[in-house]
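Analysis of the macromolecular model
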Amino acid sequence: MTVHNLYIFDRNGSCLHYGEWNRKKEAGISKDEEFKLMYGMLFSIRSFCSKMSPLDMKDGFLSFQTSKYKLHYYETPTGIKIIMNTDLGVPNARDILHQIYSTLYVEYIVKNPLCVLGEQLSSDLFSTRLDLYIRALPFFSPRAA
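Below or above, wherever it landed, is the structure these notes cover. Quantities reported herein were computed from a predicted structural model and do not represent experimental measurements. (Residues numbered from 1 in each chain as written. Predicted model: local features only at pLDDT ≥ 70, side-chain atom pairs only at ≥ 80, totals over all residues. Heavy atoms only, no water.)

1. Quick word on the layout of surface pockets
Here is the rule: Points on a 1 Å grid over protein atoms alone make up a cavity when a 1.4 Å probe fits among them but cannot get out, and a pocket when they form an open set with protein on both sides within 12 Å along at least five of seven lines; lining residues each have an atom within 4 Å of a point. Grid points are joined across faces, edges and corners, and a volume is the space filled by probe spheres set on the points. Going along the chain from the N terminus, every DSSP run of H or I of four or more residues is numbered as a helix, and every run of E of two or more is numbered as a strand. Classification convention: Asp, Glu, Lys, Arg as charged; Ala, Val, Leu, Ile, Met, Phe, Trp, Tyr, Cys, Pro as nonpolar; all other residues, Gly among them, as polar.
Size it by volume and the largest pocket reaches roughly 510 Å³. Around the largest pocket sit 17 residues that line it, and Asn5, Tyr7, Arg23, Tyr69 and Asn85 are the ones nearest its centre. Listing elements by their share of the lining of the largest pocket, those giving two or more residues are β1 (3-9) and α1 (31-52). Considering every element that reaches the lining of the largest pocket, the biggest residue donor is α1, with four residues. Residue composition of the lining of the largest pocket, grouped by class: eight nonpolar, three polar and six charged. Considering the residues around the second largest pocket, the lining is formed by Asp10, Arg11, Asn12, Thr78, Ile80, Tyr101, Tyr105, Val110, Leu117 and Gly118. Residue classes in the lining of the second largest pocket are distributed as five nonpolar, three polar and two charged.

2. Some points on the packing of aromatic side chains
Which entries qualify depends on this criterion: Ring geometry is summarised as follows: Phe, Tyr and Trp rings, the Trp one being its six-membered ring, pair when their centres sit within 6.5 Å, and such pairs are stacked at plane angles under 30 degrees, edge-to-face over 60 and tilted between the two. Relative accessibility under 20% of the residue-type maximum defines a buried residue, over 50% an exposed one, and the middle range a partly exposed one, all with a 1.4 Å probe and only protein chains included.
A full pass over the atoms with the stated rule returns eight aromatic pairs. Centre to centre, the rings of Tyr18 and Phe35 are 5.6 Å apart; their planes meet at 50°, and the pair counts as tilted. Taken together, the positions of Tyr18 in strand β2 (residues 15-20) and Phe35 in helix α1 put the pair 17 residues apart, joining distant regions of the chain. The exposure classification of Tyr18 matches that of Phe35, with both residues buried. Aromatic side chains Tyr101 and Tyr105 sit 5.6 Å apart centroid to centroid with 20° between the ring planes, which places their arrangement in the stacked category. Pair noted here: Tyr101 and Tyr105 are both in helix α2 (residues 94-110), with a separation of four residues, about one helical turn. Using a relative accessible area of 15% as the deciding quantity, one classes Tyr101 as buried.

Set out below in structure tokens:
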């Protein structure tokens, strides 16, 4: 099991941070185009789920999977969206994404007076701590097949 990549978007669809660990295939488009495509897909899926669900969607859209990977999604009340792509063996990662937000993003970005909210994250400390956190996850494997 492993983590492929992680995106952090603001409420306006700007990619604030992108991290990559075990990604096997490149998208074949620029990173900016990939970010727009990912955010647009999430916007559409969330809208579809909220309109088509026969029940009240208290938690909203949480994840989806294809035959090759699983996308985990977490959105904060302030509109920050954290997306992590993993392989299929990884269980629900909502708590992990919440931990990334509450212990890393809030501590190293929100509480940092040098970081301007809404702009691409430029904190080396945040990037380092996020990398250490991801690598310490029980399902992270540096040599995923």
